[in-house]
Amino acid sequence: MSNQESDFGSFLIGFFVGALLGAAVGMLFAPQSGEETREQIHQKSLELSEQATHKAEEAREKAEHLLTEARQKFDEATKELQARTKELQEQAKTLIDEKQAQLKEMTPKEEPEAAEEPIVVEVPVVVEEPTAA
C-alpha cells in the first residue's frame with residue numbers, strides 16, 4: 001500500500017510542477033507587457049498553490065480513511081482468529097478425553113491397586129493482541 005501512496009505522491013508532485021512550468025513558459029511567450037505577465041504569473045502561482053493544498057488535503061483524508069478501514073479489518077480478523085483458536089482447543093480437549101476413555105476400556109485391568117494416571121496433553125496457544133499503529 002505504501003508503494004501506491006508513494007507513486008500517487010510522485011504523480012501529484014510531477015503534475016503540479018509540470019503545470020506550473022507550462023503556465024510560466026506560456027506566459028513568458030505571450031504578447032503582454034512585463035507588468036501584466038508578472039501579475040498573471042503571480043495569480044497562476046496562487047491558484048496552483050491553492051489547488052496543490054486542496055489535493056494534498058484530499059490525499060491525507062483518503063489515507064486516513066484507508067488506515068481506519070485497515071485497522072477495523074485487522075481487529076475483526078484478530079477476533080475471528082481468537083474465536084477459532086478457542087474452538088479448536090475445545091475440540092482437541094474433547095478428542096483427547098474420548099481417546100483416553102477408549103484407551104482405558106481397551107487396557108486390561110490386572111491390578112486394581114495400581115491407579116493409572118490419565119494422559120494429559122497440553123496444547124499451547126499463542127494469540128497476539130493487536131498493537132496500535
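What counts as what
- Residues numbered from 1 in each chain as written.
- Predicted model: local features only at pLDDT ≥ 70, side-chain atom pairs only at ≥ 80, totals over all residues.
- Heavy atoms only, no water.
- Helix = DSSP H or I, 4+ residues; strand = E, 2+ residues; numbered from the N terminus.
- Buried < 20%, exposed > 50% of the residue type's maximum accessible area, 1.4 Å probe, protein only.
- Areas by Shrake-Rupley, 256 points an atom, 1.4 Å probe, with all protein chains shown as cover.
- Salt bridge = Lys/Arg side-chain N within 4 Å of Asp/Glu carboxyl O.
- Patch = residues over 30% accessible without salt bridge, like charges linked within 9 Å, V, L, I, M, F, W, Y side chains within 5 Å.

Colleague: Would you mind showing me how to read the overall build of the chain here?
Modeller: Regarding its fold elements, the chain presents 2 helices and 0 strands. Per-residue burial for the chain yields a buried fraction of 6% across its 133 residues. Summed over all atoms, the accessible surface of the chain reaches about 11,700 Å², with 58% contributed by carbon and sulfur.

Colleague: What should I look at first to understand the pattern of salt bridges in this one?
Modeller: Pairing between side chains of opposite charge can happen when their charged atoms approach one another. Tallied over the full model, the rule gives 6 salt bridges. Between Glu58 and Lys55 there is a salt bridge; the shortest N-O distance is 3.9 Å. Separated by 3 residues within a single helix, Glu58 and Lys55 lie in helix α2 (residues 34-106), roughly one turn from each other. With a relative accessible area of 37%, Lys55 lands in the partly exposed category. The partner of Asp97 in a salt bridge is Lys93, and the shortest N-O contact between them spans 3.3 Å. On the criterion of helical spacing, the pair formed by Asp97 and Lys93 is a turn pair, its members being 4 residues apart in helix α2. When salt bridges with common partners are traced through the structure, they connect Glu57, Arg60 and Glu64 into a single cluster.

Colleague: Is there a simple way to think about the environment of Lys44 in this case?
Modeller: Here Lys44 shows up in helix α2. Classification of Lys44 as partly exposed rests on a relative accessible area of 36%. Along the chain, Lys44 and Ala24 lie 20 residues apart, while their C-alpha atoms are 8.5 Å from each other.

Colleague: Just to check I follow, could you spell out a nonpolar patch on the surface for this structure?
Modeller: Taken together, Leu103, Ile119, Val121 and Val123 make up a surface patch of nonpolar side chains, about 340 Å² in accessible area. Position of Ile119 relative to the elements: it lies in the segment after α2. Given a relative accessible area of 49%, Ile119 falls into the partly exposed group.

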